[in-house]
Amino acid sequence: MALITHVPPHHQGRRTCRALAGVGAGLTAVALLLTVSCTDSTSGPAGRVVGTEREFECHTERTGTDTKKQTRQVCGWEYELTTRDKDGRKHEVEVPAYVYRSCRHGSAYPACITR
């Protein structure tokens, strides 16, 4: 004997809504995890700051749609710290301006970070 399940029409919308809500919640969680892991620009290997560098960089950006394409020059500072870990290896870490200002030569990284 075959088991036939019939979902009444007034319940079909609820089932679809629940499924879409579950998918939406899952995608939101994944997006949040990716955002947190990708935007943490202050993470790097622990060590002593042995060098600092900042450069003024410019690049061309294209904006607009097919009919109104425009280009513009975008310029700004890029900040970098060089750290030396316990094994003596050097690591270059790109950091935001507040970290660059907080972490002087000889300070412990990332303990030197203050917001």
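Shown above is the structure to which this text applies.
Caption draft 1: Structural context of the pairing of strand β3 (residues 90-95). Where strand β2 (residues 70-84) meets β3, 6 bridges bridge the pair, whose relative direction is antiparallel. In the strand pairing of β3, E80 is matched with E94. A loop of 5 residues connects β2 with β3, the two strands running antiparallel in sequence, and G88 in this loop sits at a positive phi of about 90°.

Caption draft 2: Focus on the sheet that holds β2. Sheet architecture is open: 4 strands sit in the order β3-β2-β1-β4, paired in antiparallel fashion. Each edge of the open sheet is held by one strand with a lone partner, namely β3 and β4 (108-109). Examined bridge by bridge, strand β1 (residues 47-63) and β2 share 15 bridges and lie antiparallel to one another. Its bridge partner being in β2, C58 is matched across the sheet by C75.

Caption draft 3: Focus on the pattern of salt bridges. In total, this model carries 3 salt bridges according to the counting rule given. Across the pair E61 and R72 runs a salt bridge whose closest N-O atoms are separated by 3.0 Å. One end of the pair, E61, is in strand β1; the other, R72, is in strand β2, with 11 residues separating them in the sequence. Given the relative accessible area of 49%, R72 is considered partly exposed. For R89, the salt bridge goes to D87, with nearest N and O atoms at 3.1 Å. When its relative accessible area of 61% is taken as the criterion, D87 is described as exposed.

Caption draft 4: Representation of the state of the cysteines in the model. Scanning the model with the defined rule gives 2 disulfides in all. The partner cysteine of C58 in its disulfide is C75, sulfur to sulfur 2.1 Å. Between C58 and C75, the S-S torsion sits near 115°, and that sign places the bridge as right-handed. Taken together, the positions of C58 in strand β1 and C75 in strand β2 put the pair 17 residues apart, joining distant regions of the chain. Classification of C58 by relative accessible area gives partly exposed; the value is 38%. With relative accessibility at 39%, the residue C75 sits in the partly exposed group. Each sulfur of the disulfide joining C103 and C112 lies 1.9 Å from the other.

So, how was this worked out
- Residues numbered from 1 in each chain as written.
- Predicted model: local features only at pLDDT ≥ 70, side-chain atom pairs only at ≥ 80, totals over all residues.
- Heavy atoms only, no water.
- Pairing = 2+ DSSP bridges.
- Helix = DSSP H or I, 4+ residues; strand = E, 2+ residues; numbered from the N terminus.
- Salt bridge = Lys/Arg side-chain N within 4 Å of Asp/Glu carboxyl O.
- Buried < 20%, exposed > 50% of the residue type's maximum accessible area, 1.4 Å probe, protein only.
- Disulfide = S-S within 2.5 Å.

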